[in-house]
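As a plain string of letters, each chain reads:
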Amino acid sequence: MSGFKEVSFADRQKAAQEAKKNILNKFRAQPGADDPAVKQRQAEREAQAAARATAKIARDAEKAAKKAEDARLAEQAAAQLARDKEEAAAREAALEAERKAARDARYAARKKRK
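None of the values given here were measured: they were computed from a predicted structure. (Residues numbered from 1 in each chain as written. Predicted model: local features only at pLDDT ≥ 70, side-chain atom pairs only at ≥ 80, totals over all residues. Heavy atoms only, no water.)

Q: Can you tell me about the overall build of the protein, naming the residues and giving the values?
A: A tally of helices and strands in the protein yields two helices and zero strands. Compactness check: the protein gives a C-alpha radius of gyration of 44 Å against a globular reference of 13 Å for 114 residues, more than 25% above the reference. Its C-alpha atoms give the protein principal-axis dimensions of roughly 135 × 50 × 20 Å. By element, 58% of the accessible surface of the protein is carried by carbon and sulfur atoms, the whole surface being about 10800 Å². The distance from the centre of the 29 positive side-chain charges to the centre of the 19 negative ones in the protein is 6 Å. (Helix = DSSP H or I, 4+ residues; strand = E, 2+ residues; numbered from the N terminus. Rg over C-alpha atoms; globule rule 2.2 N^0.38 Å. Areas by Shrake-Rupley, 256 points an atom, 1.4 Å probe, with all protein chains shown as cover. Lys, Arg positive; Asp, Glu negative; His and termini not counted. Charge placed at Lys NZ, Arg CZ, Asp CG, Glu CD.)

Q: So what's going on with the environment of K66? Which residues, and what values?
A: With respect to the helices and strands, the residue K66 is situated in helix 2 (residues 36-113). C-alpha of K66 to C-alpha of N25: the two residues are 41 residues apart in sequence and 56 Å apart in space.

Q: Provide a residue-level description of the pattern of salt bridges, including the pertinent values.
A: Under the defined criterion, the tally for this structure stands at six salt bridges. The residue D60 makes a salt bridge to K56 at a minimum N-O spacing of 3.1 Å. Here K56 and D60 lie together in helix 2, a separation of four residues that amounts to about one turn. Residue D60 is classed as partly exposed on the basis of its relative accessible area, which comes to 36%. Under the relative-accessibility criterion, K56 is labelled partly exposed at 45%. Salt-bridge contacts for R72 lead to E69; the nearest nitrogen and oxygen are separated by 2.4 Å. In this pair, R72 and E69 are both assigned in helix 2, three residues apart and thus about one turn of the helix distant. Under the relative-accessibility criterion, E69 is labelled partly exposed at 34%. Residues joined in a network through salt bridges with shared partners are E92, E96 and R99. (Salt bridge = Lys/Arg side-chain N within 4 Å of Asp/Glu carboxyl O. Buried < 20%, exposed > 50% of the residue type's maximum accessible area, 1.4 Å probe, protein only.)

Following this line, the structure appears as structure tokens:
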């Protein structure tokens with residue numbers, strides 16, 4: 001086996017210069033801002049952003065409508081609960097009045113027998 005060849009300073013410097021050249025060439029190969037393909041991609045991105053914004057507005061409006069509907073339903077449920085409580089109280093009062101009338105009738109009958 002051959003021994004490990006240590007890289008010299010000149011070799012490292014040459015490799016760094018080659019890497020810099022490759023990066024620079026890669027950057028120069030990219031199309032400019034006035035290229036039709038770049039302009040088309042930019043227009044597509046802007047159209048997608050506009051579509052996302054409209055969809056977000058629609059979702060927000062839908063959420064607001066749903067929240068308003070939920071609030072209306074909750075208000076209706078609270079009103080129904082209040083009506084039910086009122087009716088239950090009225091029924092209880094009527095039942096109590098019937099009990100009192102029956103009790104009074106029994107008392108009056110007992111008084112009458114004496």
